[in-house]
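# Architecture at a glance
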Amino acid sequence: MAKLNFGGVEETVVTRTEYPLEKAREALSGETIAVIGYGVQGPGQSLNLRDNGFNVIVGQRPGKTYDKAVADCWVPGETLFSIEEACRRGTIIMCLLSDAAVLSVWPTIKANLKQGDALYFSHGFAITWNDRTGVVPPADVDVIMVAPKGSGTTVRSLFLEGRGINSSYAVEQDYTGRALDRTIALGIGIGSGYLFETTFAREATSDLTGERGALMGAIQGLFAAQYEVLREHGHTPSEAFNETVEELTQSLMPLFAAKGMDWMYANCSTTAQRGALDWMTPFHDAIKPVMELLYDSVSSGREAQIAIDANSRPDYREGLEEELRRMRESELWRTAETVRKLRPENI
């Protein structure tokens, strides 16, 4: 493990150079990795582990996701089992179910944990708010986490490109004395480019804040607000969309992703530079109080309870689809469909 300087703060980081795949295979030799759940993270992590030469099985209930696992060449009775059977066979139980599903499946997982097993998560939610989720592991197992900083689809696509997604890692409970080694080996096994240290609580809190903030909630709110103002002042849908979304995602984001926001500013016009520098402070000052409210709601457990309550409703899926339909059918995102078709690579 290396200590690297992040903006003046030293943090522990693990890379594939210092912890190569061969070392990860050796650390997990003799282990059976049981991936529970084949929804969002399950396919990417399990397929990457399998391709990297680890002993992996999948536990999934019958249904569409079970059929998807079969289509991905997991063999019923050999590498694809019921959740109960996979837990019994596994020595590392990778709980990759949705937060809502963990609540209903946890009694089954817990009943089949054996002394010395490792219980693995890719999100700190269930453990951090276990007063609300009821997920309290027994004392005689390791409790560990590797949390890729992206969707399961990205975990898989970057792996197939020969790259790797960055991930955080944490050890909550070390019963065997091997918890950290198991954690890092699994992080390398699923294809992480590098791993940085965290805790279950920090990961859960930062993750929920990010999803509701800059990564998803805030950016959709920002897009919608700017688009609406432009449209209300007479700009056409194509112009409003290009100035709000298309230029950001296709031109500017690659610049600051590569070398930072200052690099992006330096490669824009002097008019854009001056205006951006002048207006970033009013936006910061307006948004920060909202971010403080959001962080308080997350850290207090209110957001966790909202998610638990919402996902527990029998009509949750129907309500979600309706909310997503309204977003999809808004003028903003219907305009996006036409703009995407006009990109040179799609003509």
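The shown structure was predicted, so the numbers you read here are calculated from the model rather than taken from an experiment. (Residues numbered from 1 in each chain as written. Predicted model: local features only at pLDDT ≥ 70, side-chain atom pairs only at ≥ 80, totals over all residues. Heavy atoms only, no water.)

## Let's talk about unusual backbone geometry
For clarity, the cut-off: Only runs of H or I of at least four residues qualify as helices and only runs of E of at least two qualify as strands under DSSP, and these elements are numbered from the N terminus.
A positive phi is found at Cys 73, a non-glycine position, where the angle reads about 75°. Tracing the backbone shows Cys 73 in the loop between α3 (64-71) and β5 (80-81).

## Some thoughts on the pairing of strand β4 (residues 56-59)
Heads up, the condition is: We call a residue buried when its accessible area falls under 20% of the maximum for its residue type, exposed when it is over 50%, and partly exposed in between, using a 1.4 Å probe and counting protein chains only. For two strands to pair, DSSP has to find at least two bridges joining them. Whether a crossover is right-handed comes down to one check: with the strands pointing away from the viewer, does the path from the first strand over the helix to the second run clockwise; if it does, it is right-handed.
Judged by which residues are buried, β4 turns out to be covered on both faces: Val 56 and Val 58 on one side and Ile 57 and Gly 59 on the other are all buried. Pairing analysis gives four bridges linking strand β3 (residues 33-36) to β4, with the strands arranged parallel. Looking across to β4, one finds that Ile 33 is bridged to Val 56. As for the winding sense of the linkage, the β-α-β connection from β3 through helix α2 (residues 42-51) to β4 is right-handed. Pairing analysis gives two bridges linking β4 to β5, with the strands arranged parallel. Opposite Gly 59, over in β5, you have Phe 81 as the bridge partner.

## Topic: the sheet that holds strand β1 (residues 2-6)
If you walk across this open sheet you meet the 10 strands as β1-β2-β10-β9-β8-β7-β6-β3-β4-β5, and the pairing is mixed. Lying at the two open borders of the sheet, with one neighbouring strand each, are β1 and β5. In this sheet, strand β7 (residues 118-121) lies alongside strand β6 (residues 92-95) in parallel orientation, the contact comprising four bridges. The residue bridging Ile 92 from the neighbouring strand is Ala 118, located in β7.

## Thoughts on the packing of aromatic side chains
Rules: Only Phe, Tyr and Trp rings take part, Trp by its six-membered ring, and two of them pair if their centres are within 6.5 Å. Stacked means planes under 30 degrees apart, edge-to-face means over 60, and tilted covers everything else. Whether a charge sits over a ring comes down to the Lys NZ or Arg CZ being within 6 Å of the ring centre and within 35 degrees of the ring normal.
Tallied over the entire structure, the rule returns six aromatic pairs. Above the face of the Trp 263 ring, Lys 259 is positioned so that its terminal group lies 4.4 Å from the ring centre.

## Description of the side chain of Arg 182
Worth spelling out the cut-off: Throughout, a residue-residue contact means that at least one pair of heavy atoms, one from each residue, lies within 4.5 Å.
Secondary-structure assignment places Arg 182 in helix α9 (residues 179-189). The exposure class of Arg 182 is buried, given its relative accessible area of 2%. Excluding residues within four positions of it along the chain, Arg 182 makes contact with Leu 28, Glu 31, Thr 91, Ile 92, Gly 116, Asp 117, Ala 118, Asp 142, Ile 144 and Thr 176.

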